[in-house]
Amino acid sequence: MNEKPIRVGVVPIGNLDGIFAKTVAAHLLGYFHLQVDILSPMGHPDYAFDPGRRQFDAGLILKALGKRPFRNSQKVIGIVDVDLFVPILTHVFGEAEQGGRHALVSLHRLRKREDGAPAPLSQLLERTAKVALHETGHLFDLLHCREKRCVMHFSGSLRDLDQTPLFLCKYCSLYLRDAFKRASRP
Amino acid sequence: MDEKMSIMIVDDEMIIRESFIHWFRKYGHRVEAAASGSEALEKLEKTAFDLLFVDIKMPGMDGIELLERIKEEYPDTIVVIITAYGSIDTAVKAMKLGATDYLLKPFKPEQVTLVMQKVAQQRALVSQCRYLRDRIEEMTRFDNIIGQSPKMEEIFRLIPEVAQSNSSILIVGETGTGKELIAKAIHAKSPRANGPFVAINCGALPDTLLESELFGYRKGAFTGAVSGRKGYLDIVSGGTLFLDEIGEISPKMQVDLLRVLEEKKITRIGDRHPIDVDFRLISATRRNLEKAVAQGNFREDFYYRINVIMIRVPPLRERKEDIPLLVQHFLQKYSRETAKRVDHIDREAMEILKRYDWPGNVRELENAIERAVVLSKSRTLGSESFSFLAAPQPLEVKRRSLREVERRYIEKVLEECGWNVTRAAEVLDINRVTLHKMIKRYGLQRPS
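Bear in mind the structure is a predicted one, so any value in this text is a computation, not a measurement.

Procedures and definitions
Residues numbered from 1 in each chain as written. Chains lettered and ligands numbered in written order. Predicted model: local features only at pLDDT ≥ 70, side-chain atom pairs only at ≥ 80, totals over all residues. Heavy atoms only, no water. Buried < 20%, exposed > 50% of the residue type's maximum accessible area, 1.4 Å probe, protein only. Helix = DSSP H or I, 4+ residues; strand = E, 2+ residues; numbered from the N terminus. Arc of directions from axis to C-beta. Contact = heavy atoms within 4.5 Å. Pairing = 2+ DSSP bridges. Axes fitted to C-alpha atoms, helices over the stretch in contact; angles between N-to-C directions. Patch = residues over 30% accessible without salt bridge, like charges linked within 9 Å, V, L, I, M, F, W, Y side chains within 5 Å. Areas by Shrake-Rupley, 256 points an atom, 1.4 Å probe, with all protein chains shown as cover. Salt bridge = Lys/Arg side-chain N within 4 Å of Asp/Glu carboxyl O. Lys, Arg positive; Asp, Glu negative; His and termini not counted. Charge placed at Lys NZ, Arg CZ, Asp CG, Glu CD. Expected span 1.5 Å × (residues − 1).

S.K.: Which residues make up helix 2 (residues 37–46) of chain B, and what are the values?
M.R.: Residues and elements named next belong to chain B. For helix 2, the complete set of buried residues consists of Gly 37, Ala 40, Leu 41 and Leu 44. Here the buried residues of helix 2 occupy an arc of 100° about the axis, which is enough to place them on one side. Away from the buried face of helix 2 by more than 90 degrees, exposed residues Glu 45 and Lys 46 are located. On its buried face, helix 2 is in contact with strand 1 (6–10), strand 2 (30–34), strand 3 (51–55) and helix 3 (63–73).

S.K.: Could you give an account of the sheet that holds strand 5 (residues 101–104) of chain B, naming the residues involved and the relevant values?
M.R.: Residues and elements named next belong to chain B. Strand order in the open sheet made by the five strands is 2-1-3-4-5, with parallel pairing throughout. Looking along the sheet, the strands with just one partner apiece sit at the ends: strand 2 and strand 5. Each adjacent strand pair in this sheet contributes to an overall mean axis angle of 20°, direction not counted. Looking at chain direction, strand 4 (residues 78–83) and strand 5 are connected through four bridges and run parallel. Paired with Ile 82 across the two strands is Leu 103, which belongs to strand 5. Here helix 1 (residues 14–25) sits on the sheet and contacts strand 1, strand 2, strand 3 and strand 4; the angle it forms with strand 2, its principal contact strand, is near 175°.

S.K.: Give me a positive patch on the surface: which residues, what numbers.
M.R.: All names here are of chain A. Taken together, Arg 177, Lys 181, Arg 182 and Arg 185 make up a surface patch of like positive charges. If you trace the backbone, Lys 181 turns up in helix 5 (residues 170–184). Judged by its relative accessible area of 44%, Lys 181 is partly exposed.

S.K.: So, the sheet that holds strand 9 (residues 102–106) of chain A: which residues are in play, and what are the values?
M.R.: All names here are of chain A. One open sheet accounts for five strands, arranged 2-1-5-9-8; its pairing is mixed. Looking at strand neighbours, the two that pair on one side only are strand 2 (35–38) and strand 8 (94–96), the edges of this open sheet. Ignoring strand direction, the axes of neighbouring strands in this sheet form an average angle of 20°. Relative to strand 9, helix 2 (residues 58–67) is tilted by about 130°, and along the sheet it contacts strand 1 (7–13), strand 5 (75–80), strand 8 and strand 9.

S.K.: Could you give me a rundown of the environment of Met5(B), with the residues and numbers involved?
M.R.: Residue and element names in this part refer to chain B. Looking at the element boundaries, Met 5 is found in the segment before strand 1. A relative accessible area of 5% places Met 5 in the buried class. Residues Met 5 and Ala 120, 115 residues apart in the sequence, show an inter-C-alpha distance of 8.9 Å.

S.K.: Can you explain helix 15 (residues 361–375) of chain B? Please cite residues and give values.
M.R.: In this model helix 15 of chain B runs 21 Å from its N-terminal to its C-terminal C-alpha over 15 residues, within 8% of the 21 Å that 1.5 Å per residue would give. Every buried residue of helix 15 of chain B is accounted for by Asn361(B), Val362(B), Glu364(B), Leu365(B), Glu366(B), Ala368(B), Ile369(B), Arg371(B), Ala372(B) and Val373(B).

Structure (structure tokens):
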């Protein structure tokens, strides 16, 4: 039985520097061995702005991603530079449909250091890659992991995120491999 | 958020419910949602949940009312209150009503993680407490009957079984094996548990007194009966009567009791009108009643009436594996009672206790530990605390006169107390003058 390669599309949303999409693509290829395409960008998500919270509703942006066909991509990851929230949480670094097709990474809060000063580009890119890998894990139905040395470990703060590695623990690696097998079946 | 839990979100806003569901599923928890307090209660009736997130402001039943209902009906369920209308007053009220935590919407992701960690700790504590309670209950399953040996396990298995019937039970075993404790345990596990448990030592009462104690009497029934009195057979109605040393009762009393057991009626002494009685009889004996029946010293019909179910309690020498458990139990008991921190026993001392034959059974072991704790000057009991056990063995004691045994015992206690007469008198529970007289009478002398 021939297995179909899994293709993931990375979609810049709004006006973003191309380096972010390239970083995410490189990490998905390097760490998860996925085939990645950088897709044409989508417009700024004004429709998802919540005036009360002055933030953008991650759920609405995910819905908008769902309306685009992305025919060649099994999974789609949007990168956005706005502050994302889900109704119960003050903010999220990223959001994904658990076991679904669409995920988001927000650069907004990743840009700062803990003291409020801008984070260096290298740190920003590393954080972006981690959030993207983490959300991709969710797309393949991986759950949050209790192991701190695993990219699927939940990070609520930038400090947590900076301490999280880029790789998966051995159990999450096994789960991901099984998920890839399932996803590759024609 | 290590442990997988079963969570319910109770909030009238759909978007909040969905958001919670989505969030907690990422941790692998089983999540359900209810849009109102009444829907939540309906779901709780069908399924057990470990944790509920409850919004305060909801139409109909609000979160505080729901919290009260949950704590009343499902006290083990952990509730975390959520609200966008938070105030200190509501928070205090919610916590007083038993909420584990309180969150203001929207939460920082770390706050949810912290709450979940707290909940996990609380669950772990509750389950640890439950485990320890079960463990203690398992070890001291029936009052203070302690044991893990197969013979005791068999008795523990029997107790709840026989407790359900109303049949008479005969408990057979040597003195000090805990026959009364077993009788109490049967009563406690029986449908009569709410009724009285009356214990009478038949061996300690003369026949006439036993009769009036059991049957009661009418005013003027005999000299001194200035007023009437209910007997224990009447008082115990609805409960359990425990007759210890039943082998000691007279043939006449055997007949009287046989009649009561068959007719379920008693007539007070000096009275003519029978009264209905309803009790369950548990008897105990250290004698071999079968042999007594064979020799014609005990009525056969009465023996079979009181011996519908027989429980044999093994002597301590036949369940020596229980000794360490019993020792620990008595050490704790007497450390507490004497307010002394004597909570250890060394290996050599334990070996002495395991080697000894314990003719007085558990009661003798308890006395030995009590004595050792009272005399101990350190936290750990050593072999010297039980040197008295290694000396005269019970058979040897039997062959000596009581006077000789008393003399040797006083001498031993004096030696252990370093010939401090005041302390020795305390241990012997006599006053100093009496002890001095005894020392003189027995010609005891302090070694030079």
